[in-house]
Amino acid sequence: MGVVGGGLCVATVLVLGLACVLVGRVAGEGETVHIICHSHDDVGYVKTYEQYYEDQVRFIISSVSDELAKDPELRFIQVETAYFQMWWEDERTTQAQRETIKALAASGQLEFVSGGIVMNDEAVAHYEPVIQQMTEGHLFLLNTVGVVPAFGWQIDPFGASSVTPLLWAASGFNGHVIRRINWEESFALKAAGSEEFLWRGDACAPASPASNVSDIYTHILGLTYSAPHGFNFEHPDAKPATPENLPLLADEFFANVLVRLPWYVDSGHVMVPAGGDFAYTNASLMFRNQSAVVAYLNEHSAAKYRNMTFRFSTVGEYFAAVHASLAASGTRVNQFVDKDFLPYIELPETDWTGFFTSRPSLKAFSRAQDANLRVAEMLYLHAFRAAGSAAQFARLASGRWAQSILQHHDAITGTSKLQVVADYKKHLAEATAAGNALAFDALAHLGLAANVSTSARKGLARPRAGSPVTSAVVVCNSLGWARSDMVAVDFDGVYVDGMSVEVSHARSGAQVAVQLDGECEATGTRPTLWFQAV
């Protein structure tokens, strides 16, 4: 963690540099409390994402949109586009429901934040599929609802990487919300009243804020992302709001607000999340009771709650209010954080680092799919762009979807249940097969591999005694620059005594040096041909 223009730690610099802004104010006089209703919907964890959708998420999206349409004061944020896309394309979703979503998004009652296919991991996910899943999600939202998300919401990944502000700022995001950071750093930021700051994705960038496109205004949820105690009316122990218990429910909510106030810059606005894992399955129950508490808080604000205003809000409305307030008062947030919040240490001796290496085969599968998908996209572009083959594009889309799903913070990390991991692998294997089929069809379409047979896709054809066999090997460079690498190709069968291999360049005819491994028919070894591709 660092501060531009100084070499002291964040906590020290904050105490010295921002005390004049944060110390001495009366906490909670006339604040506006922004209640952010949300549902954190893991794209696979204990259940597969298909099971979560059928059991819970489809009801969340439908019931929330119904309630928002009834009351213009209500707000909700939608995060994981994987589920929204499944709901949008579900044959049980009516066109009237889709039109309602469009209207709610246009009015600002429903806000899409982050907008990627998943809420991606930030420690072990590679930046390329992270960008891919964000692009897929944003394109879907633009083409269906007509919106492009402008704010990040990464509240559950196990630590936060500085790659995220770099990517999100470059994507045009105007604000970002995170939660899981090292407990010591969290305590230091809370003590300094600085759980909002400019997060600098590029530590080598110029010191001037105006000249740095990698800065993003970031808010840390100082407590859990779930609703305050007594405000989650879907909880098994929750009591519905009644005239008798409304004072207690309102007092509990107000106490939660007072705890948060000293942790942030004095803007006159404070954010309180009101949601949880797969929350608002019964949106009518939630909003009806929450609205009663909010109405009581506002009705008794002058007498009991320090003239605060309580309202349902969105992430965008909160950040807009904060920036407007700071601009009006001439206050500048001069703190820059230019490091990762990794590893995530929840409490002393509870380092969340095991997922860096857990389920290595799944992590390796993801990286292999990166390369396969890149090749398939390049070949699709060259072979089928003009023809516009819907079938071939569907193959490509399946690969993008499977790889995007795998970047979820309970997927690529390996923290989901075994049967869920098997489901991820199944989808990825199907997508890999579809991508390979697309690649071979593209090569055939381009006339580069017209003689490639089904068996040759598994390995080079094995020659028989006295019967030479000629096979085509197409090596595709998926990078943007020239490269020279050793290539290994297996044969479709065991070694045949006396077998010899010659390799020549298809265009120049020049002979290529080769090496044949596994030359032992008695052991049943499948031979491998090595040569250098340039």
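Residues numbered from 1 in each chain as written. Predicted model: local features only at pLDDT ≥ 70, side-chain atom pairs only at ≥ 80, totals over all residues. Heavy atoms only, no water.

Draft legend 1. Representation of the packing of helix H4 (residues 81-89) against helix H5 (residues 95-107) in the model. Remark: H4 packs on H5, axes separated minimally by 10 Å, with the N-to-C direction vectors making an angle of 140°. Compared by their axis directions, H4 and H5 come out oblique. In contact with Phe 84, Trp 87 and Trp 88 of H4, H5 contributes Gln 97, Arg 98, Ile 101 and Lys 102. Here the residues of the contact of H4 with H5 are counted per class, giving four nonpolar, one polar and two charged. (Axes fitted to C-alpha atoms, helices over the stretch in contact; angles between N-to-C directions. Helix = DSSP H or I, 4+ residues; strand = E, 2+ residues; numbered from the N terminus. Parallel < 35°, antiparallel > 145°, perpendicular 65-115°, else oblique. Contact = heavy atoms within 4.5 Å. Nonpolar A, V, L, I, M, F, W, Y, C, P; charged D, E, K, R; others polar.)

Draft legend 2. Just the sheet that holds strand E13 (residues 485-490), in detail. One open sheet holds the three strands; their spatial order is E13-E17-E16, and the pairing between them is antiparallel. Looking at the sheet topology across the chains shown, the edges are occupied by E13 and strand E16 (514-517). This sheet shows a mean twist of 25° between the axes of neighbouring strands, independent of strand direction. Note: E16 against strand E17 (residues 528-533), four bridges, orientation antiparallel. Directly across from Gln 515, in E17, lies its bridge partner Trp 530. (Pairing = 2+ DSSP bridges.)

Draft legend 3. Up close: a nonpolar patch on the surface. Judged by side-chain polarity, Tyr 127, Ile 131 and Val 163 come together as a nonpolar surface patch covering roughly 270 Å² of accessible area. With respect to the secondary-structure elements, Val 163 resides in helix H7 (residues 163-170). (Patch = residues over 30% accessible without salt bridge, like charges linked within 9 Å, V, L, I, M, F, W, Y side chains within 5 Å. Areas by Shrake-Rupley, 256 points an atom, 1.4 Å probe, with all protein chains shown as cover. Salt bridge = Lys/Arg side-chain N within 4 Å of Asp/Glu carboxyl O.)

Draft legend 4. Region of interest: the sheet that holds strand E5 (residues 175-178). On the basis of which strands lie adjacent, the open sheet formed by five strands has the order E4-E5-E7-E6-E10 and mixed pairing. Every other strand in the sheet has two partners, leaving strand E4 (151-154) and strand E10 (336-337) as the edge strands with one partner each. Examined bridge by bridge, strand E6 (residues 196-200) and E10 share two bridges and lie parallel to one another. Of the residues in E10, the one forming a bridge with Trp 199 is Val 337.

Draft legend 5. Region of interest: unusual backbone geometry. Between Leu 342 and Pro 343 the backbone carries a cis peptide bond, its omega angle lying at -5°. Mapped onto the elements, Pro 343 comes out in the loop between E10 and strand E11 (344-345). Unusually for a residue other than glycine, Tyr 280 sits at a positive phi of about 70°. The topology assignment puts Tyr 280 in the loop between strand E8 (269-277) and helix H10 (283-299).

Draft legend 6. A look at the environment of Phe 112. Here Phe 112 is to be found in strand E3 (residues 110-112). For Phe 112, a relative accessible area of 6% gives the class buried. As a C-alpha pair, Phe 112 and Glu 80 span 32 residues in sequence and 8.7 Å in three-dimensional space. When near neighbours in sequence (up to four residues on either side) are disregarded, Phe 112 contacts Gln 78, Phe 84, Ile 101, Ala 105, Leu 141, Val 145, Val 147 and Pro 149. (Buried < 20%, exposed > 50% of the residue type's maximum accessible area, 1.4 Å probe, protein only.)

Draft legend 7. Representation of the side chain of Ser 404 within the structure. Structurally, the position occupied by Ser 404 is in helix H14 (residues 390-405). Once you skip the residues sitting within four places of it in the chain, Ser 404 turns out to touch Ile 117, Val 118, Gln 132, Gln 133 and Glu 136.

Draft legend 8. Highlighting the packing of aromatic side chains. Inspection of every chain in the model, using the stated rule, returns 28 aromatic pairs. With 5.7 Å between their ring centres and 45° between their planes, Phe 84 and Trp 88 make a pair best called tilted. Linking Phe 84 with Trp 88, this pair stays in helix H4, spanning four residues, or about one helical turn. Taking the relative accessible area as the measure of exposure, Trp 88 reaches 11% and is therefore buried. The interplanar angle of 45° and the centroid separation of 6.1 Å between the aromatic rings of Phe 197 and Phe 341 together place this pair among those described as tilted. Of the two residues, Phe 197 is situated in strand E6 and Phe 341 in the loop between E10 and E11; the sequence distance between them amounts to 144 residues. Phe 197 sits in the buried class, given a relative accessible area of 0%. With relative accessibility at 0%, the residue Phe 341 sits in the buried group. By the ring-pair criterion, three or more aromatic residues cluster together here, those being Phe 231, Phe 233, Phe 253, Phe 254, Tyr 305 and Phe 310. Taking NZ or CZ as reference, Arg 98 lies 5.9 Å from the ring centre of Trp 88, over its face. (Phe/Tyr/Trp six-rings, centres within 6.5 Å; stacked < 30°, edge-to-face > 60°. Lys NZ or Arg CZ within 6 Å of the ring centre and 35° of its normal.)

Draft legend 9. The arrangement of H4 in detail. Among the nine residues that make up H4, eight are buried, leaving the element largely enclosed by the rest of the structure. Of the surrounding elements, those touching the buried residues of H4 are helix H3 (49-70), strand E2 (76-78), H5, E3, helix H6 (127-144) and H14.

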